[in-house]
Number of protein chains: 2
Amino acid sequence: MQVVLIGSGNVATHLGKALHNASFHIIQVRSSQMASANLLAQQLNAEPIQDFEKINRTADLYFFCGKDDLLPISIQQMPSVKGLVLHTSGACAMNIFGSKFNNFGVLYPLQTFSKNTAIDFHSVPLIYEANTEVNLKKLRSIAHLLSQNTQHCSSEQRLHIHLAAVFASNFTNHCYAIAENILAQQGLSLDLLKPLIKETAHKIMLNSPQQSQTGPAIRNDNSIIEKHLAELQDKDSYREIYQLFSKSISQT
Amino acid sequence: MQVVLIGSGNVATHLGKALHNASFHIIQVRSSQMASANLLAQQLNAEPIQDFEKINRTADLYFFCGKDDLLPISIQQMPSVKGLVLHTSGACAMNIFGSKFNNFGVLYPLQTFSKNTAIDFHSVPLIYEANTEVNLKKLRSIAHLLSQNTQHCSSEQRLHIHLAAVFASNFTNHCYAIAENILAQQGLSLDLLKPLIKETAHKIMLNSPQQSQTGPAIRNDNSIIEKHLAELQDKDSYREIYQLFSKSISQT
């Protein structure tokens, strides 16, 4: 199967390599930034291009891997093709393709990707959706070739999965960043908390987060909460987060 | 060395087992709840007691493992002893012992403990502090017998470590719980997010959380943020958390 990648960022890089390893033939990598297109195209044995006009019209698959807010303009610039056109966004409805293409769908890899961090793509959940039964069948086969963890979801479900992922990953990471800042003010390293961070993530593999909740807020231990808030008196945004979380935890 | 444990909850259970495994002799487990004292004492080959008057006066170590807000009253009820008196709290200053005992300190195990979840205690960071050089030396040796990861900190530093741990563990776990709720409303399981949760925690073992931040807030992708907030319109507390985090992330 011949594939065109539109985008050369984190998702394009990891998805491109996974497709390449599964013997898909990546023929082109398109990016507005040629240096980035060159780099990825070289790794995938593909042609780097910048201009949408140069996109091969007879490929089987086209993946839009760019940022969500660039998707409408990229679709507008894209030539008409018969192949299956897909985007990889968690938050964007499938019907963004509806007026221009006949064969379209979504393949959303539910993972946090950084270019220089290796990922075992076979364990990445792939959330997919397509506009016809035929395309759905095709996309399901493709998803199964790339990952052991695939799920068919509607655009509405996918938006909720993406929202849940923002809490479980982006906000969690920000909690780590706040912890690192608090420790740094005392000349201490985040290394101290790494066993705790590992165990907190590990615990919910076996028990629900609701059952796993510990700490002063769930115990309504107000004497500790007051001490913590006093330490945050110069940090308005951290104090606000602390108060809101403590309230939300104690209400569950 | 003879040890008396005051408390029979999560910390007492895990610390007690670690002491037992390191060949300390746990002679008594004291709890206001006899069923709980019995259970732990049986595992540690110790005498269960309820009354502070029955506490052995000649032990080498006394560990207060109960809740922070019970500590002042427990200390008041405790008979005078010559052995080293310790508490295990992250947030409570060492000098809570000052007026009553001559030999005292703190041994704070920085981990989230549940009674039924096994923990490798040798990798739990132990934060310690004592009131004299002699007691500090004694406590350092004890800490080294229990864990490979020990650190001497002041009460002020320990309070900051505890505060950072609340962000990195308690608030993180609450983010998982919110994600689970959002998915449940769509009939979906948190299992979908487990690879993402693992990877998010794993990423910061190698790179700082600041460098690892992904998602719509750090990219200032307002079209996604608006979609997410619209999905949270019936969930005031989640929407507040979402807005506050997005603001805080975009300001970093």
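Predicted model only: the values in this text are computed from it and were never measured.

Q: Pulling in residues and values, what's your account of the interface of chain A and chain B?
A: On the chain B side, the residues contacting the 89 residues of chain A number 89 residues. The junction of chain A with chain B conceals about 8700 Å² of combined surface from both sides, 68% of it contributed by carbon and sulfur atoms. Of all residues in chain A, Phe167, Leu192 and Phe245 of chain A bury the most surface against chain B, accounting for 8% of the area lost on that side. Where chain A packs against chain B, one counts zero salt bridges. Counting every contact that joins chain A to chain B gives 31 residue pairs in polar contact (both at pLDDT 80 or more). Elements represented by at least two residues in the side of chain A that touches chain B include exactly helix 5 (155-184), helix 6 (194-206), helix 7 (209-212), helix 8 (222-231) and helix 9 (236-250) of chain A. For the side of chain A that touches chain B, the element with the most residues is helix 5 of chain A, which contributes 26 residues. A per-class count over the side of chain A that touches chain B returns 44 nonpolar, 30 polar and 15 charged.

Q: Please give an account of the relation of the copies chain A and chain B that cites residues and values.
A: Mapping chain A onto chain B calls for a rotation angle of 180° and an axial translation of 0.0 Å; the resulting RMSD is 0.0 Å. Such a combination of turn and shift is consistent with a two-fold rotation axis. Within chain A, threonine 172 of chain A has its C-alpha nearest the rotation axis, a separation of 2.5 Å. Here 100% of the interface residues in chain A have copies in chain B that are interface residues too; the copies meet face to matching face.

Q: Explain helix 4 (residues 133-146) of chain A to me, and be specific about the residues and the numbers.
A: Residues and elements named next belong to chain A. The first and last C-alpha atoms of helix 4 sit 20 Å apart over 14 residues, in line with the 20 Å expected at 1.5 Å per residue. Of all the residues in helix 4, the buried ones are Asn135, Leu136, Leu139, Ile142, Ala143 and Leu146. Each buried residue of helix 4 sits inside an arc of 125° when the element is viewed along its axis, so together they form one side. In helix 4, the exposed residues that point more than 90 degrees away from the buried face are Glu133, Val134, Lys137 and Leu145. Against the buried residues of helix 4 lie helix 1 (10-21), strand 4 (61-64), strand 5 (84-87), strand 6 (104-109), strand 7 (126-130) and strand 8 (150-152).

Q: Can you lay out the sheet that holds strand 8 of chain A for me, pointing to particular residues and giving the numbers?
A: Residue and element names in this part refer to chain A. Pairing is mixed in the open sheet, where eight strands are placed in the order 3-2-1-4-5-6-7-8. One side of each edge strand has no neighbouring strand; the edge strands of this open sheet are strand 3 (47-49) and strand 8. The mean inter-strand angle of the sheet, taken between neighbouring strand axes irrespective of direction, is 25°. Judged from the three bridges that link them, strand 2 (residues 25-30) and strand 3 form a sheet pairing that is parallel. By the bridge assignment, arginine 30 is partnered in strand 3 with isoleucine 49. Lying over the sheet, helix 1 contacts strand 1 (2-6), strand 2, strand 4 and strand 6, oriented at roughly 170° with respect to strand 1.

Q: Tell me what's going on with unusual backbone geometry, and back it up with residues and numbers.
A: Even without being a glycine, asparagine 220 of chain A presents a positive backbone phi close to 50°. Phi at serine 23 of chain B takes a positive value of approximately 70°, unusual for a residue other than glycine. Relative to the assigned elements, serine 23 of chain B resides in the loop between helix 1 (10-21) and strand 2 (25-30).

Q: With reference to specific residues and values, describe the sheet that holds strand 6 (residues 104-109) of chain B.
A: Residue and element names in this part refer to chain B. Spatial strand order, 3-2-1-4-5-6-7-8: eight strands in an open sheet with mixed pairing. With one partner strand each, in any of the chains shown, strand 3 (47-49) and strand 8 (150-152) form the two edges of the open sheet. Strand after strand, the sheet turns through a mean of 25° between neighbouring axes, direction not considered. Inspection of the sheet shows strand 1 (residues 2-6) paired to strand 4 (residues 61-64) by four bridges, in the parallel sense. What sits directly across from valine 3, in strand 4, is leucine 61. Sheet contacts for helix 1: strand 1, strand 2, strand 4 and strand 6; angle to strand 1, the most-contacted strand, approximately 170°.

Q: An account of the pattern of salt bridges is needed here, citing residue identities and associated values.
A: Residues and elements named next belong to chain A. According to the stated counting rule, one finds ten salt bridges over all chains in the structure shown. Residues lysine 194 and aspartate 191 are paired through a salt bridge, measuring 2.9 Å at the closest nitrogen-oxygen approach. On the basis of relative accessibility, which here comes to 16%, the residue lysine 194 falls in the buried class. On the basis of relative accessible area, aspartate 191 is assigned to the partly exposed category, the value being 47%.

Q: Go over the packing of aromatic side chains, please, and point to the residues and values.
A: For the coordinates displayed, the defined rule picks out 19 aromatic pairs over all chains. Measuring from ring centre to ring centre gives 5.5 Å for phenylalanine 245 of chain A and phenylalanine 245 of chain B, while their planes differ by 75°; the resulting arrangement is edge-to-face. Of this pair, phenylalanine 245 of chain A sits in helix 9 while phenylalanine 245 of chain B is found in helix 9 (residues 236-250), placing the two residues in two different chains. The same class applies to phenylalanine 245 of chain A as to phenylalanine 245 of chain B, namely buried. What links up through ring pairs into an aromatic cluster is the set Phe167, Phe171, Tyr238, Tyr242 and Phe245 of chain A together with Phe167, Phe171, Tyr238, Tyr242 and Phe245 of chain B.

Parameters and conventions
- Residues numbered from 1 in each chain as written.
- Chains lettered and ligands numbered in written order.
- Predicted model: local features only at pLDDT ≥ 70, side-chain atom pairs only at ≥ 80, totals over all residues.
- Heavy atoms only, no water.
- Contact = heavy atoms within 4.5 Å.
- Buried area = accessible area lost by both parts, 1.4 Å probe.
- Salt bridge = Lys/Arg side-chain N within 4 Å of Asp/Glu carboxyl O.
- Polar contact = N/O pair within 3.5 Å; in protein donor to acceptor, adjacent residues only side chain to side chain.
- Helix = DSSP H or I, 4+ residues; strand = E, 2+ residues; numbered from the N terminus.
- Nonpolar A, V, L, I, M, F, W, Y, C, P; charged D, E, K, R; others polar.
- Least-squares fit on C-alpha atoms with pLDDT ≥ 70 in both.
- Expected span 1.5 Å × (residues − 1).
- Buried < 20%, exposed > 50% of the residue type's maximum accessible area, 1.4 Å probe, protein only.
- Arc of directions from axis to C-beta.
- Pairing = 2+ DSSP bridges.
- Axes fitted to C-alpha atoms, helices over the stretch in contact; angles between N-to-C directions.
- Phe/Tyr/Trp six-rings, centres within 6.5 Å; stacked < 30°, edge-to-face > 60°.

Function cannot be read off these values alone, since they describe shape.
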